[in-house]
Amino acid sequence: KPLANCFFSSFLPKMASLLDSLTTRGFFSIPSISRIYSPLASSSSFASSSSILPSLFPPSVLSYSHQQSHSRFPFPVAAAALDGPSVEDELDFEEVSDENYADDSDEEEDVSLDISILEKEARDIVRDYATTLSRELKLEDEIVEGKESRRKGKRQAKNTQIPEHLLQRVAIVGRPNVGKSALFNRLVGENKAIVVDEPGVTRDRLYGRSYWGDQEFVVVDTGGVMTVSKSPAGVMEELNVSTTIGMEGIPLRSREAAVARMPSMIEKQATAAVDESAVIVFVVDGQSGPTGADVEIADWLRKYYSHKNIILAVNKCESPRKGLMQASEFWSLGFSPIPISALSGTGTGELLDLVCAGLNKLEIMESTEEEEEENYIPAIAIIGRPNVGKSSILNALVREDRTIVSPVSGTTRDAIDAEFTGPDGEKFRLIDTAGIRKKAAVASSGSTTEALSVNRAFRAIRRSDVVALVIEAMACITEQDMKIAERIEREGKGCLVVVNKWDTIPNKNQQTAANYEEDVREKLRSLKWAPIVYSTAITGHSVDNIVVAAATVQKERSRRLSTAILNQVIREAVAFKSPPRTRGGKRGRVYYCTQAAIRPPTFVFFVNDSKLFSDTYRRYMEKQLRTDAGFAGTPIRLLWRSRKRSDKNGGGGTMRMAGLTRERNLATKGT
């Protein structure tokens, strides 16, 4: 009883005075205070102290009636959350007094905003923001390759329900530097494979969907098949392999052994592509004529794959008149040659007719947008510096040697896609990428291939849903890792940090992982919301945790908050910490908030003046959203839109974007 008397006589009056002050300033609504005190008022202890009610509560609280809750609301967002108005309903907003706006007129403001107009305007804001940001992040190679990208959009307009693993394969094989990758890009309709005038660029299998007429299939690009008569020095020169760049910490003997194994690894990948394909396109160089390597590949195909449909494509026949003469030289290989030009597209129509003639007919069903969304397969891009174990992680997940793993720096060139089914049956598309070195190091090396490989890695980030940033356990976080993390955050992709080669950490104990995580959080500030997974890809230890974490991140990235929850979070955040006042006495006000987009979650705040909300307060609002609503593993974007001064008295929901460039920079910098 003495404790109760102390509570009612000392603490509760001070709390009531504070809440009354907040109510007067517009931070609390009268209904919310009534709900806070209703349990106390019903208790017997509080009922015995009814004599102090007038001194504890303001008259507005004691005389509050439920009928008033639908007419005036000091905080409009709370009204939307609690009362749940329909799209056609309008919300009335509180009067703006001179206390909060020093230069406002003395007349009361009665601003009425239509929710449907605000929702539509919020979607327009997000669309404009995404377009502007995408234009800034657009890479130089996409500007050069724009024609092929547009051509792909026209040619591959069909959306089918056939999964990729059910489509028939068409393998493209041949010796190095005969134009296989150029033909692959021509058939799939986009510049997917790296095409450089140097041998040995393509090493792994590269897949791409294509169709001709009513037939859809998958084209497989392969590396150049070498001959066994090549010496190690000749192989190194033929494959354009460097034993110095990025291999400073590897012994010379290990480098030479890795280079010696490279041809067999490439041939193994080509053999796997031929084994799974129904049609084989054997590409030769029409300008150089038949070579010994062409003869050996032809004998190999004739000996082991005579039961399959083999098409001899004589590439680099740009002239129709000379093309027939160039193709006639290859009758000695035992196949019927067809002249084509992957560069100009000459003869590719006849080639596709022969390809479709060797494939079985599959029923193609047109898919709707709802079916596409239901059958959507999220993509996980594996990104990081060279030699951190990205390809090993991919091979460990798919349980096969899908990509070449070698200590040779820059082994992976193209972005390699592979479908994978998780432990719970959920499907993912894994994307292995080339190692990303510093821009200055790439420029100083003078390698066009490496520059294009890094370009493909950044494009893989853009077309992915979740990015697995792989770092080496012993190397910890480097400056290059920080730059890659900033790029991931700017792209708005979900992310998880994978600490690979965890077995190399000596003397581990229970605190090792906690200390390591603290160091990672401290250095990767732009990804402080990303989960951390520890794995050893070479032994397969904990690699499945990567997929589990990625699935969780993808769900968070696609989650949409209900209006009630979002409004409650914003109301509590503003009540706990109001926007600071300016020197002129102005204070920011939040009129309405809505989640206008997902992937990543994007929230639009309609406020009186976006300039009144400092960077610190915006970071505080993001922190409150994450604390109360989650969104682990995904960036969230907060866009702030100001109200036109000319529309303060007119209402109607007309708003303006206050500094889109500034908002974009703030969103990419802190939120």
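Up top is the structure.
Analysis parameters
Residues numbered from 1 in each chain as written. Predicted model: local features only at pLDDT ≥ 70, side-chain atom pairs only at ≥ 80, totals over all residues. Heavy atoms only, no water. Salt bridge = Lys/Arg side-chain N within 4 Å of Asp/Glu carboxyl O. Helix = DSSP H or I, 4+ residues; strand = E, 2+ residues; numbered from the N terminus. Buried < 20%, exposed > 50% of the residue type's maximum accessible area, 1.4 Å probe, protein only. Pairing = 2+ DSSP bridges. Axes fitted to C-alpha atoms, helices over the stretch in contact; angles between N-to-C directions. Contact = heavy atoms within 4.5 Å. Arc of directions from axis to C-beta. Right-handed = clockwise from strand over helix to strand, strands pointing away. Phe/Tyr/Trp six-rings, centres within 6.5 Å; stacked < 30°, edge-to-face > 60°. Lys NZ or Arg CZ within 6 Å of the ring centre and 35° of its normal. Parallel < 35°, antiparallel > 145°, perpendicular 65-115°, else oblique. Left-handed = near helix turned anticlockwise from the far one by under 90°.

Further remarks concern the pattern of salt bridges. Taken as a whole and assessed by the stated rule, the structure comprises 26 salt bridges. Glu491 is the salt-bridge partner of Arg462, the closest N and O atoms lying 3.5 Å from each other. Placement of the pair is Arg462 in helix H19 (residues 448–462) and Glu491 in helix H20 (residues 479–491), with a sequence separation of 29 residues. Taking relative accessible area as the criterion, Glu491 reaches 10% and is therefore assigned buried.

Overall, mixed pairing links the six strands, which are arranged S10-S11-S9-S12-S13-S14 in an open sheet. Whereas interior strands pair on both sides, the edge strands pair on one side only; in this sheet they are strand S10 (416–421) and strand S14 (532–534). Neighbouring strand axes in the sheet, compared pairwise and without regard to direction, differ in orientation by 25 degrees on average. Both strand S9 (residues 379–384) and strand S11 (residues 427–432) contribute to a ladder of four bridges, which runs parallel. Note on S11: the bridge partner recorded for Ile380 is Leu430. Lying on the sheet, helix H21 (residues 512–523) is in contact with strand S12 (466–472), strand S13 (494–500) and S14; it crosses S14 at an angle near 135 degrees.

What follows covers helix H14 (residues 320–328). For an α-helix, the turn length of 3.6 residues means that residues three or four places apart are oriented alike. When H14 is considered as a whole, its buried residues turn out to be Gly323, Gln326 and Ala327. Looking straight down H14, one finds that the buried residues subtend no more than 95 degrees of arc, so they occupy a single side. Away from its buried face, by an angle of more than 90 degrees, H14 presents the exposed residues Arg321, Leu324 and Met325. On the buried face of H14, the contacting elements are strand S7 (309–315) and strand S8 (337–339).

We now examine the side chain of Thr512. Following the sequence through the fold, Thr512 ends up in helix H21. Residue contacts for Thr512: discarding those within four places in its chain leaves Trp502, Ile505 and Asn507.

Burial within S12 is extensive, with six of its seven residues counted as buried. Across five bridges, S9 lies against S12 in parallel orientation. Residue pairing in the sheet places Ile383 in a bridge with Leu469 of S12. Note that S12 and S13 share seven bridges and pair parallel. For Val467, the partnering residue across the bridge sits in S13 and is Cys495. Between the parallel pair S12 and S13, the chain is carried across by H20, and the sense of this crossover is right-handed.

Enumeration over the complete set of coordinates arrives at 10 aromatic pairs. Pairing Tyr617 with Tyr620 gives two aromatic rings, centres 5.4 Å apart and planes at 50 degrees, and the pair type is tilted. Taken together, the positions of Tyr617 and Tyr620, both in helix H24 (residues 615–629) and three residues apart, correspond to about one turn of that helix. On the basis of relative accessible area, Tyr617 is assigned to the buried category, the value being 1%. Overall, Tyr620 belongs to the buried group, its relative accessible area being 11%. By way of ring pairs, the aromatic residues Phe605, Phe613, Tyr617, Tyr620 and Trp640 are connected into one cluster. Positioned above the aromatic ring of Phe458, the side-chain terminus of Arg487 is 4.7 Å from the ring centre.

Here we come to unusual backbone geometry. Negative phi is the rule for most residues except glycine; trans is the rule for most peptide bonds. Of note, the amide linkage connecting Arg599 to Pro600 takes the cis form, showing an omega dihedral of 0 degrees. Mapping Pro600 onto the fold places it in the loop between strand S15 (590–597) and strand S16 (602–607). The phi angle at Lys501 is positive, at roughly 60 degrees, despite the residue not being glycine. Relative to the elements of secondary structure, Lys501 occurs in the loop between S13 and H21. Of the residues examined, Lys501 reaches a relative accessible area of 27% and is grouped as partly exposed. Although it is not a glycine, Arg599 adopts a positive phi angle of roughly 55 degrees. With respect to the helices, strands and loops of the structure, Arg599 is situated in the loop between S15 and S16.

Two elements in contact, helix H23 (residues 563–576) and H24, have axes separated by 10 Å at closest approach and are oriented at 130 degrees. Judged on the interaxial angle alone, H24 and H23 are oblique. Regarding H23 and H24, the two cross each other, and that crossing is right-handed. Here Leu566, Val569, Ile570, Glu572, Ala573, Val574 and Phe576 of H23 come into contact with H24, specifically with Tyr617, Tyr620, Met621, Gln624, Leu625 and Asp628.

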